[in-house]
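# A closer look at the structure
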Amino acid sequence: MADSRQKKDWQTRVRDAVWPRMGLKRYFTYLQKRVLRLTASPHAIAAGVASGAAVSVFPLIGVHFFLGFVLAFVTRGNMLAAAIGTAWGNPITFPLFFSLSFQFGSSIRAALFPDDPAAVMRHADTTALSGGLFSLDLGAILPLFQTMMIGALPIALFCWVFFYVIVRGLVSGFQTARKARLERRRARQGQTSPRNAVRS
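Throughout what follows, the structure given in this document is the object of discussion. (Residues numbered from 1 in each chain as written. Predicted model: local features only at pLDDT ≥ 70, side-chain atom pairs only at ≥ 80, totals over all residues. Heavy atoms only, no water.)

Looking now at the overall build of the protein. Each helix and strand counted, the protein has 8 helices and 0 strands in total. In sequence order, the protein lays out its α and β elements as α-α-α-α-α-α-α-α. Considering only contacts within the protein whose residues lie at least 6 apart along the sequence, 70% involve residues at least 24 apart. Total accessible area computed for the protein in this model is approximately 13100 Å², and 66% of it derives from carbon and sulfur atoms. (Helix = DSSP H or I, 4+ residues; strand = E, 2+ residues; numbered from the N terminus. Contact = heavy atoms within 4.5 Å. Areas by Shrake-Rupley, 256 points an atom, 1.4 Å probe, with all protein chains shown as cover.)

Among the nonpolar cores identified, the biggest contains 28 residues, and Val35, Ile45, Val49, Val57, Phe163, Val167 and Val171 are the most heavily contacted of them. Looking at this core, the elements that each hand over two or more residues are helix H2 (24-36), helix H3 (42-55), helix H5 (79-85), helix H6 (94-112) and helix H8 (138-199). With residues near it in sequence (within four places) discarded, isoleucine 45 still touches Val35, Leu38, Ala40, Asn78, Ala81, Val167, Val171 and Gln175. (Core = buried A, V, L, I, M, F, W, Y, C linked by side-chain atoms within 4.5 Å. Buried < 20%, exposed > 50% of the residue type's maximum accessible area, 1.4 Å probe, protein only.)

Moving on to a positive patch on the surface. On the surface, Arg181, Arg184, Arg185, Arg186 and Arg188 cluster together to form a positively charged patch. Within the element layout of this structure, arginine 186 appears in helix H8. Here arginine 186 falls in the exposed class, since its relative accessible area comes to 54%. (Patch = residues over 30% accessible without salt bridge, like charges linked within 9 Å, V, L, I, M, F, W, Y side chains within 5 Å. Salt bridge = Lys/Arg side-chain N within 4 Å of Asp/Glu carboxyl O. Lys, Arg positive; Asp, Glu negative; His and termini not counted. Charge placed at Lys NZ, Arg CZ, Asp CG, Glu CD.)

With that settled, the discussion passes to the environment of arginine 76. Relative to the assigned elements, arginine 76 resides in the loop between helix H4 (64-74) and H5. Sequence spacing of arginine 76 and alanine 46 is 30 residues, and the spatial spacing of their C-alpha atoms is 9.9 Å. Here arginine 76 is in contact with His43 and Ala44, once residues within four sequence places are set aside.

Direction vectors running N to C along H3 and H4 enclose 140°, while the axes themselves pass 8 Å from each other. In terms of orientation, H3 and H4 fall into the oblique class. By crossing handedness, the relation of H3 to H4 is classed as right-handed. Along the contact surface, H3 presents Gly48, Ser51, Gly52, Ala54 and Val55, while H4 presents His64, Leu67, Gly68, Leu71 and Ala72. Here the residues of the contact of H3 with H4 are counted per class, giving 5 nonpolar, 5 polar and no charged. (Axes fitted to C-alpha atoms, helices over the stretch in contact; angles between N-to-C directions. Parallel < 35°, antiparallel > 145°, perpendicular 65-115°, else oblique. Left-handed = near helix turned anticlockwise from the far one by under 90°. Nonpolar A, V, L, I, M, F, W, Y, C, P; charged D, E, K, R; others polar.)

What follows is the structure, given as structure tokens:
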């Protein structure tokens, strides 16, 4: 009974990692609320989310959390926000990231090193991409990995700027509105207290 329960829990965790049980829309709404409720400055939250999102485009599955924390530390971002930002990289978006990084990397290598034998990937053939990923030959994997790392750099930079601007605007607006609500609540409480004192 215990073994079957552990197997079920493991399968549930894998399924939720690929497709959240609550659905993608509700899942991202949940993440948005988590971000807005963080107790940190708009810059720290935005830099954290941007850092997590930026590192998620690199073909370094398994270390995105660590890299997100490092980049968040460098940019003075919030660590929890960085962990949330890594949700940008998931089994649904990874194929797109890998394909784009391969395309960009192939073009960059072909432009900078036209005589490099590895620049034969300049045409960004997706067949070469899939063949390299599932190859056991280090000679085939290493040039592919290098190409994807090079191509991921401009994508990561774009993601960082994009998420920073969007998240900072949302957090600033949310925190300003929350501060205004708290001030109105204090004002109402201040008006109510003297009346109670007079009646007593």
